[in-house]
Amino acid sequence: MKIIFTKALPFLMLLTLFSCETKKEKPKSKPYKAGVILSFDDAYVDEWYEADQALKKYAWKATFNVCRIDSIGEPQIKKLLEMQKYGHEIAGHGYHHYNAVKFVKQNGIKKYLEQEIDPMIVSLKKKSFKTTTFAYPYGERSNELDRALSPKFKIIRGRAFGGEAPEKQDSYFNNSKIVFAFDIDNSHIHFSIPYLLELLDYAKKHNKILILCGHKPVKEITENYQTKIETLEFICKYMKLNGLKFYKLSDLDDLLPEQP
Ligand SMILES: [Zn+2]
């Protein structure tokens, strides 16, 4: 027994030394420029394409979270591919656009992955989209869902529902794989240009990345889930004037702290 102990001692010492070393190494967050992520949900491809034509003058980059990929027509698929080629990101938003929390409650997580996530990934890949990130329909998520989707996506986006002071807003990148977007649709109860300006100013002043989402870009508002092109112009102009960077959702993956 004694002999075994003596023989094991240097090894144990080494082990202790090693574990002290690893404890010291905290995950370091990487430095980055202040910026904005503009993301759009659902399948308003024609309107996205039109907005793209209007906003190209700002050299903008956006993330388009597409749902129901197999119901999108061939001309629209071509537009999306063209937008991807230009440098926009085509991301996932569900094969059917299920409310993930409700679906899992009724059918379990296995069926959710089988029906909502896996066929989406297969179909997007088949159509040559380089999808690596995902946005939850309705922003409905849970820790269980985050855990199940984590191995499948680099970044997972929910929604920040409140309209609190910028320092309390969840819609800034916080060195985490799970991020939250503030909705800039005109119908969103907390949306207004002065508040958006506050959020942008905070990003600039505190070197943050503000994450925004919308649905259908339009010139004139006619119903819910519409974002004014004017709002998008306002954001792009602010960004150009203040030197903010256009990020895509997948860009955040490069900024995540390295795991020790
Ligand atoms: Zn949606």
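The present account deals with the structure reproduced in this document.

Parameters and conventions
Residues numbered from 1 in each chain as written. Predicted model: local features only at pLDDT ≥ 70, side-chain atom pairs only at ≥ 80, totals over all residues. Heavy atoms only, no water. Donors = N, O, S within 2.8 Å, 3.2 Å for Na, K, Ca; no water. Helix = DSSP H or I, 4+ residues; strand = E, 2+ residues; numbered from the N terminus. Buried < 20%, exposed > 50% of the residue type's maximum accessible area, 1.4 Å probe, protein only. Lys, Arg positive; Asp, Glu negative; His and termini not counted. Salt bridge = Lys/Arg side-chain N within 4 Å of Asp/Glu carboxyl O. Polar contact = N/O pair within 3.5 Å; in protein donor to acceptor, adjacent residues only side chain to side chain. Contact = heavy atoms within 4.5 Å. Core = buried A, V, L, I, M, F, W, Y, C linked by side-chain atoms within 4.5 Å. Phe/Tyr/Trp six-rings, centres within 6.5 Å; stacked < 30°, edge-to-face > 60°.

A few words on the coordination of the zinc ion. Around the zinc ion, the protein contributes the donor atoms Asp42 (OD), His93 (NE2) and His97 (NE2), at 2.1 to 2.2 Å from the metal centre. Summarised as a motif, the one-chain spacing of the donors to the zinc ion is D-x50-H-x3-H. With Asp42 in strand β1 (residues 35-42) and His97 in the loop between β3 (89-92) and α4 (100-107), this pair connects stretches of sequence that are 55 residues apart. Residue His97 is classed as buried on the basis of its relative accessible area of 11%.

The next thing to look at is the side chain of Glu89. Relative to the assigned elements, Glu89 resides in strand β3. No salt bridge is formed by the buried Glu89. Its closest oppositely charged neighbour is Lys248, at 5.5 Å. Separated by 2.7 Å, the side chains of Glu89 and Thr133 make a polar contact. Apart from residues lying up to four places away in sequence, Glu89 is in contact with Ala62, Thr63, Phe64, Thr132, Thr133, Lys248, Leu249 and Ser250.

Below, the discussion takes up the pattern of salt bridges. Applying the stated rule across the entire model yields 11 salt bridges. Among the ionic pairs, Asp70 bridges to Lys127, the shortest N-O distance being 3.6 Å. Placement of Asp70 in the loop between β2 (63-66) and α3 (74-86) and of Lys127 in the loop between α5 (109-126) and β4 (133-135) is noted, with a sequence separation of 57 residues between them. Among the residues examined, Asp70 registers a relative accessible area of 42% and is labelled partly exposed.

Of all hydrophobic cores here, the largest spans 57 residues; its most connected members are Leu38 and Tyr112. If near-sequence neighbours (up to four positions away) are discounted, Leu38 is found in contact with Trp60, Ala62, Thr63, Ile184, Leu212, Leu232, Ile235, Cys236, Phe246 and Tyr247. Judged by nonpolar contacts, the second largest core, of 14 residues, contains Ile155, Val179, Leu249 and Leu252.

We now examine the packing of aromatic side chains. The geometry of an aromatic ring pair is captured by two quantities: the separation of the ring centres and the angle between the planes. Applying the stated criterion across every chain, the model contains 11 aromatic pairs. A centroid spacing of 5.5 Å and a plane angle of 80° characterise the contact between Phe134 and Tyr136, whose relative ring orientation is edge-to-face. The same class applies to Phe134 as to Tyr136, namely buried. Judged by centre distance (5.3 Å) and plane angle (70°), the ring pair of Phe182 and Tyr195 falls under edge-to-face. With Phe182 in strand β6 (residues 178-183) and Tyr195 in helix α7 (residues 193-205), this pair connects stretches of sequence that are 13 residues apart.

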